[in-house]
Amino acid sequence: MPVTDFDVKEKYRYLNGFDCYHESEAVPNALPIGQNSPQKPPLGLYAEKLSGTAFTAPRHENKQTWLYRILPSCSHPPFTAVADKTYGHATTNGNGATPSTKFDDSSTAPAKLHYIPNQLRWDPFNLPSDQKTDFISGLHLISGAGDPTLKQGLGIYIYTANLSMPDTSAYYSADGDMLIVPQEGALDIRTEFGWLLVRPMEIAVIPRGVKYQVRLVDSSCPVRGYALELYQGHFVLPELGPIGSNGLANARDFQAPAACFSEDFGSTGFEGKTKYTITCKFNNSLFQTTQPHTPFDVVAWHGNYYPYKYDLGRFNTIGSISFDHPDPSIFTVLSAPSDHVGTAIADFVIFPPRWLVGEDTFRPPWYHRNTMSEFMGLIKGDYDAKKAGKGGFVPGGASLHNVMAGHGPDAGSYEGAREAELKPVKVGGGSCAFMFESCLMMGVTDWGLRECEVVQEGYSEHSWGGVKVYWTGVPGEKGGKERTGHLL
């Protein structure tokens, strides 16, 4: 069934379609007709343009939205750097959360990252227990490359939380678009554009500059997940080529929020009874301001630059029906292209339930060395090329195989696939692994290497130390002989 049966049922309505020009009104006639910025917009609203690309970007790349709101976003006191220099805002926004990620680990400058060729794998990242942690204070940079000031590269994060962000708070990143992949626990995300309910087996993308607030659907259960912040460009659907006009992630299955707003303000932008804390991520540093009016006051909007979500259960998986395992690029959901055709700054790839029918074929992914970096996570279930259990690849954990680091099935998975009966079989039932793949060499933070305390120190030996030698030798000759056929 190409739709996920979620435990948490949907409660919002959405606008359907990827990269569409949408419009939404929470109040009828809030949108002006035939123009964007009339002298007096309807209902006494302010017109505000949100640009996700340069004004003169080509039409097929141009991203912008017009917001019609009660007060403009510029109406706030100056931002100041977060005083305790931690990657969390909680000490100043009144929710009692404790910041946990050190400021130095939030930088993707080369001096702050460790570039190592070793394969890395992590056990499930620890959920917060007694320590109060919201989405921002529980956001940890684990790996990255590039520089947000140059709008180049990406950052990969792990998030954990046991506390909703306060009703009087909002967060936005000036550094890039954030792709959120929940692994445990559903998120209720309020954005300037409206609400998104995002559950495990769904993803959400929050564009650069859009303010949002992350709440826990079940306050009694901590949440955990993965995120990728894209410093350059925006995500697109991959080209389908000879696949044809449909397949993989279909455009109609992406959902954008319907307009929804609150009324909490004074007579001017600097007057009002309620104080709202706005946290901004700017060059991987946090800044804050407090304003006396809600940031969630957009009554209507129209444009093609907006948050969206997608149900991974709707992905139309493509595979071989003859022989050999295809390249994993056939499982790409979203892609962020570089300036070199066919090479991505970031691809988001999933490995959902699928049928394997290849004849005389080693069916799991083959052994591989790659010019691309591969960061993998597991949302649920077991991955067919890696064993689960203690020291294995399990939900809530991750792995990183950097540029040209050899990787592939562990010894046990190889033996099982080598001897398997090659009848049609469905793999991955109840499972979904994913990959963030990038053309960039990824550095790892101190938090990722040490402070998270879940690195599998014996990963390489555990996975490949038991790989057997099956070499039969040259027929009719004794082993150990130096081959000389290459000599003149």
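This structure is a prediction, so every number in the text was calculated from the model and none was measured. Just so you know, the residues in each chain are numbered from 1, in the order the chain's sequence is written. Local features in this predicted model are restricted to residues of pLDDT 70 or higher, and side-chain atom pairs are both shown and tallied only at a pLDDT of 80 or more, whereas totals for entire chains, interfaces and linings draw on every residue. Just so you know, side-chain values use all the structure's heavy atoms and leave hydrogens and water out.

Structural notes on the sheet that holds strand β24 (residues 373-380)
For clarity, the threshold we go by: Whether two strands pair depends on DSSP finding at least two bridges between them. Labels follow the DSSP assignment, with helices taken as runs of H or I lasting at least four residues and strands as runs of E lasting at least two, numbered in each case from the N terminus. Angles here are taken between N-to-C directions and fall from 0 to 180 degrees, while the axes themselves are lines fitted to C-alpha atoms, restricted in helices to the stretch in contact.
The antiparallel open sheet is built from 6 strands, whose spatial order is β6-β25-β24-β27-β22-β21. Each edge of the sheet is formed by a strand with only one pairing partner; in this case those strands are β6 (120-122) and β21 (332-337). When strand polarity is set aside, the average angle formed by the axes of neighbouring strands in this sheet is 10 degrees. Where β21 lies against strand β22 (residues 344-351), 5 bridges are found, and the strand directions are antiparallel.

Some details on the environment of Ser-329
We apply this condition: Here the term buried applies to any residue with accessible area under 20% of the maximum for its type, exposed to any over 50%, and partly exposed to those in between, with areas from a 1.4 Å probe on protein chains only.
Positionally, Ser-329 belongs in the loop between β20 (308-311) and β21. We classify Ser-329 as partly exposed; its relative accessible area is 46%. Between the C-alpha atom of Ser-329 and that of Asp-7, which follows or precedes it by 322 residues, the distance is 30 Å.

Some thoughts on the sheet that holds strand β15 (residues 223-230)
Strands sit in the order β1-β16-β20-β13-β10-β15-β8-β7-β28 across an open sheet of 9 strands; the sheet is antiparallel. The two strands at the open ends of the sheet, each matched to only one other strand, are β1 (14-16) and β28 (443-444). Strand direction decides the pairing type here: strand β13 (residues 202-206) and β20, joined by 4 bridges, are antiparallel. The residue bridging Ala-204 from the neighbouring strand is Lys-309, located in β20.

Some details on a nonpolar patch on the surface
For the record, the criterion: Like charges within 9 Å and nonpolar side chains (Val, Leu, Ile, Met, Phe, Trp, Tyr) within 5 Å are joined into patches, using only residues over 30% in relative accessible area that form no salt bridge. Each accessible area value is a Shrake-Rupley result obtained with a 1.4 Å probe; residue values ignore everything except the protein chains displayed when judging cover. Any carboxyl oxygen of Asp or Glu that lies within 4 Å of a side-chain nitrogen of Lys or Arg is treated as forming a salt bridge with it.
Together, Val-469, Trp-471 and Val-474 give the surface a local cluster of nonpolar side chains, amounting to about 370 Å² of exposed area. With respect to the helices and strands, the residue Val-474 is situated in the segment after α4 (459-464). With relative accessibility at 31%, the residue Val-474 sits in the partly exposed group.

Examining the UniProt feature "binding site: homogentisate" (unreviewed entry) in the chain
Selection criterion: UniProt positions are given in the numbering used here, feature names are shortened, and annotations may be inferred rather than shown by experiment. By the convention used here, residues are in contact when the closest approach between their heavy atoms is within 4.5 Å.
UniProt feature "binding site: homogentisate" (unreviewed entry): in the numbering of this structure it lies at Tyr-383 and His-407. These annotated residues cover 25 residues of sequence, and their C-alpha atoms all fall within 14.4 Å of one another, placing them together at a single site. Take Tyr-383: it is sitting in the loop between β24 and β25 (398-401). Classification of Tyr-383 by relative accessible area gives buried; the value is 8%. Residue contacts for Tyr-383: discarding those within four places in its chain leaves Phe-351, Pro-365, Met-376, Leu-378, Phe-393, Ser-431 and Ala-433. Among the secondary structure elements, His-407 is positioned in the loop between β25 and α2 (411-418). The buried category is assigned to His-407, whose relative accessible area is 10%. Among residues more than four places away in sequence, those in contact with His-407 are Trp-366, Tyr-367, His-368, Asn-370, Glu-374, His-401 and Trp-464.

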